[in-house]
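# Residue-level structural notes
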Amino acid sequence: MRAPFYPLPMVLLLLLCCCTGGNHTSPQAQGDTIRMAYAENITITDYKKYKVVELANPWKRGHLLHRYVLTDSTYDGHAALPEGATVVRVPLRRAVVFNAAHANLFVELRKMGAIAGVADLKYMNIPRIKAAAAGGTIADCGNSMAPNTELLASLNCDGILLSPFENSGGYGKLEKMGIPIIECAEYMETSALGRAEWMRFYGMLMGCSNEADSLFKVVENNYRKLASKAKTAGKGKKIITERMTGNIWYVAGGMSSVGRLITDAGGQYAWSDDKHSGSLPLSFETVLSKSGDADVWLFNYNGTEPLTTRRLASEHHGYSEMKAFQQANVWYVNTIETPYFEEVSFHPDRLLSDYMLLLHPEMLTDSRQLHYYRKIAP
């Protein structure tokens, strides 16, 4: 269910052509474009009394994923606004957040008080959120794929932040609740800084644009300094990421944010020339033949016990054929213990630092520590 909209005079209607889901021309004549330096899938135009935010559909080029109108709480429904958009009253005062990275950003921008509820609480490595949920000030809305809509409706929230997926089939009961659904698609950006720059949009939703812009500037400066340093460090080691999921090894495409981050860190990556922005589903044999000689192997791990070489070998017999395994140069992030997913979307500078230190080990000193990765135990 969308918020109500009212028709514009024909001239303005042409300027603010809004046909959500189809080809579009961003409204420019009456507003000022807020420039995004890295993000490719979001356009924001400031019309003084409101902002129009257009999210490009990352799975269907030339189409919109969603169009929003951000307006303050004084909007009474009588002002002319673009048709076919979702009206969001900002700042959000009671939001439900489905993703750990977005919940953590609320905390970091000192807007945790605006979180009325969260989904997938058990996967959130955010102590303050967990403590608030235990104390009853933040509601646990259950599984993000099947949230407790009755509880959610009782929260009187004014926005639901969730991550969209290709061919998801919509949001079911959530769409019938009359609550604006904010589709947080930053994870589909093809650069780490592009993904992080979406924090500027989220800052608008929270009513703290200046703070979000300032935080992004810090992240951007850190990232660019590290990338410049990597260029002077010479050729880094060869790297392979991830590990088998069932019978498939999903490697990062060359144009994905991880693939480009490896390039920025000066690493050698077998799929660096690949043009895909998502993951590539490959067989173990394909990965072994193309990247079995990688010097460094990195992946995420979710377990209550430290990961050992013996346990890793038991997962797949072929791992022992990999150079990094044989030379004990395997590193992992235990996402149960480390706030990796909570931080890296909006702090790619921290992840870039880890990649640089592992790909250029001469940089790894007592004064330069790893943020996330630890070496696998024997």
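An account of the accompanying structure is given in this report.

Rules behind the numbers
Residues numbered from 1 in each chain as written. Predicted model: local features only at pLDDT ≥ 70, side-chain atom pairs only at ≥ 80, totals over all residues. Heavy atoms only, no water. Helix = DSSP H or I, 4+ residues; strand = E, 2+ residues; numbered from the N terminus. Buried < 20%, exposed > 50% of the residue type's maximum accessible area, 1.4 Å probe, protein only. Contact = heavy atoms within 4.5 Å. Areas by Shrake-Rupley, 256 points an atom, 1.4 Å probe, with all protein chains shown as cover. Phe/Tyr/Trp six-rings, centres within 6.5 Å; stacked < 30°, edge-to-face > 60°. Axes fitted to C-alpha atoms, helices over the stretch in contact; angles between N-to-C directions. Parallel < 35°, antiparallel > 145°, perpendicular 65-115°, else oblique. Left-handed = near helix turned anticlockwise from the far one by under 90°. Nonpolar A, V, L, I, M, F, W, Y, C, P; charged D, E, K, R; others polar. Pairing = 2+ DSSP bridges. Polar contact = N/O pair within 3.5 Å; in protein donor to acceptor, adjacent residues only side chain to side chain.

## So, the overall build of the protein chain
Each helix and strand in the protein chain was counted, giving 13 helices and 18 strands. The 378 residues of the protein chain split such that 52% are buried. Excluding contacts between residues fewer than 6 apart, the proportion of contacts in the protein chain whose partners are at least 24 apart in sequence is 60%. Summed over its atoms, the accessible surface of the protein chain is roughly 18,000 Å², and 50% of this surface lies on carbon and sulfur atoms.

## Digging into the environment of Gly136
With respect to the helices and strands, Gly136 occurs in the loop between helix 3 (127-134) and strand 8 (139-140). The sequence separation of Gly136 and Gly117 amounts to 19 residues, and the corresponding C-alpha distance is 9.9 Å.

## Focus on the packing of aromatic side chains
Taken as a whole and assessed by the stated rule, the structure comprises 19 aromatic pairs. Summarising the aromatic geometry, the rings of Tyr38 and Phe216 are spaced 6.1 Å apart at their centres and angled 65° between planes, so their arrangement reads as edge-to-face. Within this pair, whereas Tyr38 is found in the loop between strand 1 (32-34) and strand 2 (42-46), its partner Phe216 is found in helix 7 (residues 209-232), the two being separated by 178 residues in sequence. Note on Phe165 and Tyr187: the rings are 6.0 Å apart at their centroids and 50° apart in plane angle, and the pair reads as tilted. Placement of the pair is Phe165 in the loop between strand 9 (159-162) and strand 10 (181-183) and Tyr187 in the loop between strand 10 and helix 5 (192-197), with a sequence separation of 22 residues. Look at Tyr187 and you get partly exposed, because its relative accessible area is 26%. One aromatic cluster is present, formed by Tyr68, Trp198, Phe201, Tyr202 and Phe346 through successive ring pairs.

## Some thoughts on the packing of helix 2 (residues 100-108) against helix 6 (residues 199-206)
Contact pair helix 2 / helix 6: the axes reach a minimum separation of 11 Å and the direction vectors enclose 60°. One finds that helix 2 runs oblique with respect to helix 6. Here the hand of the crossing between helix 2 and helix 6 comes out right-handed. Here His102, Leu105 and Phe106 of helix 2 come into contact with helix 6, specifically with Met199, Tyr202 and Met206. A breakdown of the residues in the contact of helix 2 with helix 6 according to their chemical character gives 5 nonpolar, 1 polar and no charged.

## Looking at helix 6
Of all 8 residues making up helix 6, 8 are buried, and the element is well covered by its neighbours. Every buried residue of helix 6 is listed here: Met199, Arg200, Phe201, Tyr202, Gly203, Met204, Leu205 and Met206. Note on helix 6: the residue one or two positions beyond its end, Gly207, has a positive phi of about 80°.

## Quick notes on unusual backbone geometry
A cis amide bond, omega 0°, links Val90 with the succeeding residue Pro91. The phi dihedral of Asp120 falls on the positive side, at around 55°, and the residue is not glycine. Mapped onto the fold, Asp120 is located in the loop between strand 7 (115-118) and helix 3. The backbone of Asn167 sits at a positive phi, close to 55°, despite the residue not being glycine. By the element assignment, Asn167 lies in the loop between strand 9 and strand 10.

## Side note on the sheet that holds strand 6 (residues 95-97)
In spatial order, the strands read 8-7-6-9-10; together these 5 strands make up an open sheet with parallel pairing. In the strand order of this sheet, the two ends are held by strand 8 and strand 10, each with one partner. Bridge count for strand 7 against strand 8 is 2 bridges, and the pairing is parallel. In the sheet register, Val118 faces strand 8, and the bridge partner there is Asp140.

## Structural notes on the environment of Glu220
Within the secondary structure, Glu220 is located in helix 7. When the C-alpha positions of Glu220 and Gly194 are compared, they lie 9.9 Å apart, and in sequence the two are 26 residues distant. With sequence-adjacent residues up to four places away left out, Glu220 is seen in contact with Tyr38 and Leu193. Polar contacts involving the side chain of Glu220 include one to the side chain of Tyr38, which spans 2.5 Å.

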